[in-house]
Protein chains: 2
Amino acid sequence: MSRQYRVAIVGATGAVGIEMLHVMERRKFPAASVKLLASARSAGKTHRFRGQEIAAQMLGINSFEDIDLAFFSAGAAISREFAPIAVQSGAVVIDNSSAFRMQENVPLVIPEINAGDVARHEGIIANPNCTTAITLMALYPLHRKFRVKRIFASSYQAVSGAGTQAIEELKQQAKAAVSGKHIEREVFPHQIAFNVIPQVDSFLDSGYTKEEMKMQNEGRRIMHLPSFKASVTCVRVPVFRAHSIAVSAEFQERVTIVEARDAIVSFRGIELRDDPTDNVYPMPLDYAEEDVCAVGRLRIDSALENGLAFWVCGDQLLKGAALNAVQIAELL
Amino acid sequence: MSRQYRVAIVGATGAVGIEMLHVMERRKFPAASVKLLASARSAGKTHRFRGQEIAAQMLGINSFEDIDLAFFSAGAAISREFAPIAVQSGAVVIDNSSAFRMQENVPLVIPEINAGDVARHEGIIANPNCTTAITLMALYPLHRKFRVKRIFASSYQAVSGAGTQAIEELKQQAKAAVSGKHIEREVFPHQIAFNVIPQVDSFLDSGYTKEEMKMQNEGRRIMHLPSFKASVTCVRVPVFRAHSIAVSAEFQERVTIVEARDAIVSFRGIELRDDPTDNVYPMPLDYAEEDVCAVGRLRIDSALENGLAFWVCGDQLLKGAALNAVQIAELL
């Protein structure tokens, strides 16, 4: 590959796709060209990149002929169909869907944690689930210090994780609700405005959702820790952007708050925001559109032997998706 | 005491106080008379009870002279000052504040769980914290079956727990946000519309909030289980009414889903709402203004030996406050 990449974005008109353009621009990603690829429905829509309007083209089997690097963010089905085609055309694929995350020959990477895994890619590199990525940004530095055994976590997930239509749905429902009008829904199975929905993604036979099991499954691969256990409840909340996760984590070694704070502070990509006496802790409103994740509410867990409870926030379109994908590309 | 009670409600113009009137009316509580007591600021406000408008009177040391039963719901400071006065005047006090909940000679009661404790009261009976009460409605029947050891829980608490002004604040902030206007705040330390705030009540030195520790402290008293441990994160969410709690519970005995469902179904005051394949689970929107609490998302916990994960919803103004208080009065 040359030092300037010919880039394609599949799913370019979606929430993550648009964010990808912003991130590449902001980080001065060495893109020789950018091709936007979308479904027939969205082809023709234009997006601005470095002062130029680029029109989305319809995704097809010949879309990747002149491409070095393809970001996929159009769902698992599209990735399964077109990522192998892109690889055959000579592109490296960075896939934001769940399609290849558990595949042995596909590295699953958070650059701050397991950048080294990128080297063994065979054409596809997977970007982790958003809630998992944000949680691990706080958990991994703690794990390095204290050796994590298991976590209990509950998420407070913003609607933007479900795409641009979901953002609009929350806005319209909130407007209707405060003016006493009829509430319509399309994206979510239930009203999301002034409600919370304890379901993200579909259910497995175990009673957990797919989203909930990603924490354990993807966490094991990213941290290289096959014994890691995670019991998670994923909940959609009426927040536009940025996810939050409440975590109780059990470690092998004795935890102290001083060492835990040190571990966070000395890790890239996450900041400590933890001053309860002044009501300071991370909130989704403060971390929307921020590259950095934040952790607060650090406390020795009252129900675990070597445990720490904490609260982490991060923008799931950025660290949970577009930013992490571009960071992976920068490793190449 | 006669079979008809002369009732006083302290904090009668607050969110819980108003609900108390509705609950007494609905349950045909044998009230000979109802006196509404409030601060100087709210005295004079009228509320309807059994077709009559009753004006709130200013709370004073002589307010309880002709009262058999006094409900307190005006904060711990008012309870500490006036509950002993009410008792001296011959009234039984049912206190919704945290003032006496941990006091040895004050029973802390959820009627479905420990009705028998009421008998040993010395004038004051305490009503538990709302999040604790709703969680225990699901946990206790499971405990009876499997013997609970500890829980990890995260709450999704509605604004109504912070009073009528808080409800108005969420409404105004949501209105302002969707029309791009300036957002004002007064009740909550941060914007609550389209945000979540990982703080309810004030912080202890341990890093937990008072609210978070109530689960363990009150849970031990209500379940008569001094070894019970709970690690909780309490979070305010932009929901008007009804709290939700995600729980991972560890038990002494082996848990099966069939037995867990049976335990819930055969317990009064809670219903099972658990059909993931049809996207059926409790949500705060469905349990606002409902007496009954509901549990769903029952699943064998993936990170505990004998563990069960579940999700419980309940109206914190009802089971979490007014309903439970009136139920206690009915036991007398």
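Conventions we followed
Residues numbered from 1 in each chain as written. Chains lettered and ligands numbered in written order. Predicted model: local features only at pLDDT ≥ 70, side-chain atom pairs only at ≥ 80, totals over all residues. Heavy atoms only, no water. Helix = DSSP H or I, 4+ residues; strand = E, 2+ residues; numbered from the N terminus. Buried < 20%, exposed > 50% of the residue type's maximum accessible area, 1.4 Å probe, protein only. Contact = heavy atoms within 4.5 Å. Buried area = accessible area lost by both parts, 1.4 Å probe. Salt bridge = Lys/Arg side-chain N within 4 Å of Asp/Glu carboxyl O. Polar contact = N/O pair within 3.5 Å; in protein donor to acceptor, adjacent residues only side chain to side chain. Nonpolar A, V, L, I, M, F, W, Y, C, P; charged D, E, K, R; others polar. Least-squares fit on C-alpha atoms with pLDDT ≥ 70 in both. Pairing = 2+ DSSP bridges. Axes fitted to C-alpha atoms, helices over the stretch in contact; angles between N-to-C directions. 1 Å grid on protein atoms, 1.4 Å probe; cavity = no way out; pocket = protein on both sides within 12 Å on 5 of 7 lines; lining within 4 Å. Points joined across faces, edges and corners; volume = space filled by probe spheres on them. Disulfide = S-S within 2.5 Å. Phe/Tyr/Trp six-rings, centres within 6.5 Å; stacked < 30°, edge-to-face > 60°. Lys NZ or Arg CZ within 6 Å of the ring centre and 35° of its normal.

### As for unusual backbone geometry
Residues and elements named next belong to chain A. Despite not being glycine, Arg50 has its phi angle at roughly 50°, a positive value. If you trace the backbone, Arg50 turns up in the loop between strand 3 (46–49) and strand 4 (52–55). You can call Arg50 partly exposed: its relative accessible area is 43%. One non-glycine residue with positive phi stands out, namely Asp201, at about 75°.

### Some details on the interface of chain B and chain A
Between chain B and chain A, the contact holds 56 residues from the first and 56 residues from the second. Of the roughly 4,800 Å² buried between chain B and chain A on both sides combined, carbon and sulfur atoms contribute 62%. Remark: the boundary between chain B and chain A carries four salt bridges. Ionic pairing is found between B:Arg299 and A:Glu212, a salt bridge with its closest N-O pair at 3.9 Å. Counting every contact that joins chain B to chain A gives 33 residue pairs in polar contact (both at pLDDT 80 or more). Among the elements of the structure, strand 9 (148–156), helix 5 (164–178), helix 6 (210–223), strand 10 (229–233), strand 11 (243–251), helix 8 (284–287), strand 13 (293–300) and strand 14 (307–314) of chain B are those that each provide at least two residues to the side of chain B that touches chain A. No other element matches the six residues that strand 9 of chain B contributes to the side of chain B that touches chain A. For the side of chain B that touches chain A, the class distribution of residues is 32 nonpolar, 16 polar and eight charged.

### With respect to the relation of the copies chain B and chain A
Of the transformation placing chain B onto chain A, the axial shift is 0.0 Å and the rotation is 180°, giving an RMSD of 0.0 Å. Classification of the inter-copy transformation places it as that of a two-fold axis. Both copies contact each other with a shared surface, as 100% of the interface residues of chain B are interface residues in chain A too.

### Structural notes on the sheet that holds strand 8 (residues 124–126) of chain A
Strands in a sheet are paired, the pairing made by backbone hydrogen bonds, and the direction either parallel or antiparallel. All names here are of chain A. If you walk across this open sheet you meet the six strands as 5-2-1-6-7-8, and the pairing is parallel. Only two strands of the sheet have a single partner each, and these edge strands are strand 5 (57–58) and strand 8. Here four bridges tie strand 1 (residues 5–10) to strand 6 (residues 69–72), and the two strands are oriented parallel to one another. Bridging across to strand 6, Val10 finds its partner in Phe72. Packed on one face of the sheet, helix 1 (residues 15–26) meets strand 1, strand 2 (31–38) and strand 6 and runs near 155° to strand 1. Against the sheet, helix 9 (residues 318–331) engages strand 6, strand 7 (92–95) and strand 8, with an angle of about 160° to strand 6.

### Examining the side chain of A:Asp95
Residues and elements named next belong to chain A. Looking at where Asp95 falls in the secondary structure, it is placed in strand 7. At a separation of 2.6 Å, a polar atom in the side chain of Asp95 contacts the side chain of Ser79. Ignoring anything within four residues of it in the chain, the contact list for Asp95 reads Phe72, Ser79, Phe100, Ile124, Ile125, Ala126 and Asn127.

### Some remarks on empty space enclosed by the protein
Counted according to the given criterion, the structure contains two cavities of 30 Å³ or more. Reported here for the largest cavity is a volume of approximately 140 Å³. Lining the largest cavity are 20 residues, and of these A:Phe152, A:Ala153, A:Ser154, B:Phe152 and B:Ser154 sit closest to its centre. Looking at the lining of the largest cavity, the elements that each hand over two or more residues are strand 9 (148–156), strand 10 (229–233) and strand 11 (243–251) of chain A together with strand 9, strand 10 and strand 11 of chain B. Looking at the lining of the largest cavity residue by residue, the class counts come to 11 nonpolar, eight polar and one charged. Estimated volume of the second largest cavity: approximately 40 Å³. A:Leu170, A:Ala174, A:Ala193, A:Phe194, A:Pro238, B:Leu170, B:Ala174, B:Ala193, B:Phe194 and B:Pro238 together form the lining of the second largest cavity. Those elements that provide at least two residues to the lining of the second largest cavity are helix 5 (164–178) of chain A together with helix 5 of chain B. Per-class residue counts for the lining of the second largest cavity are 10 nonpolar, no polar and no charged.

### Points about the pattern of salt bridges
For the coordinates displayed, the defined rule picks out 34 salt bridges over all chains. With a closest N to O distance of 3.2 Å, B:Arg241 and B:Glu19 form a salt bridge. Residue B:Arg241 is found in the loop between strand 10 and strand 11, and its partner B:Glu19 is found in helix 1 (residues 15–26); the two are separated by 222 residues along the sequence. Considered together, B:Arg241 and B:Glu19 belong to a single accessibility category, that of buried residues. Where salt bridges share partners, they join A:Glu19, A:Arg241 and A:Asp315 into one cluster.

### Overview of the environment of A:Ala38
Considering the arrangement of structural elements, one finds A:Ala38 in strand 2. With residues up to four places along the chain from it excluded, the contact list for A:Ala38 reads A:Thr13, A:Ala43, A:Ala56, A:Gln57, A:Met58 and A:Leu59.

### Comments concerning the state of the cysteines
The final tally for this structure, using the stated rule, is zero disulfides over all chains. Cysteine A:Cys130 shares no disulfide, and the gap to the nearest cysteine sulfur, in A:Cys234, comes to 8.4 Å. With no disulfide of its own, B:Cys313 lies 9.0 Å from the sulfur of B:Cys293, the closest cysteine sulfur.

### Structural notes on the packing of aromatic side chains
In the structure shown here, the tally under the stated rule is 16 aromatic pairs over all chains. An angle of 35° between the planes, with centres 5.8 Å apart, marks the rings of A:Tyr5 and A:Phe29 as tilted. With A:Tyr5 in strand 1 and A:Phe29 in the loop between helix 1 and strand 2, this residue pair connects regions lying 24 residues apart in the sequence. Given the relative accessible area of 10%, A:Tyr5 is considered buried. By relative accessible area, which is 1% here, A:Phe29 ends up buried. Judged by centre distance (6.0 Å) and plane angle (55°), the rings of A:Tyr140 and A:Phe267 are tilted. Taken together, the residues span a long stretch of sequence, with A:Tyr140 in helix 4 (residues 130–146) and A:Phe267 in the loop between helix 7 (257–265) and strand 12 (270–272) at a distance of 127 residues. Accessibility classification places A:Tyr140 together with A:Phe267 in one group, the buried group. An aromatic cluster is built from A:Tyr156, A:Trp311, B:Tyr156 and B:Trp311, whose rings are joined through pairwise contacts. Lying across the ring of B:Tyr208, A:Arg299 places its NZ or CZ 4.4 Å from the centre.

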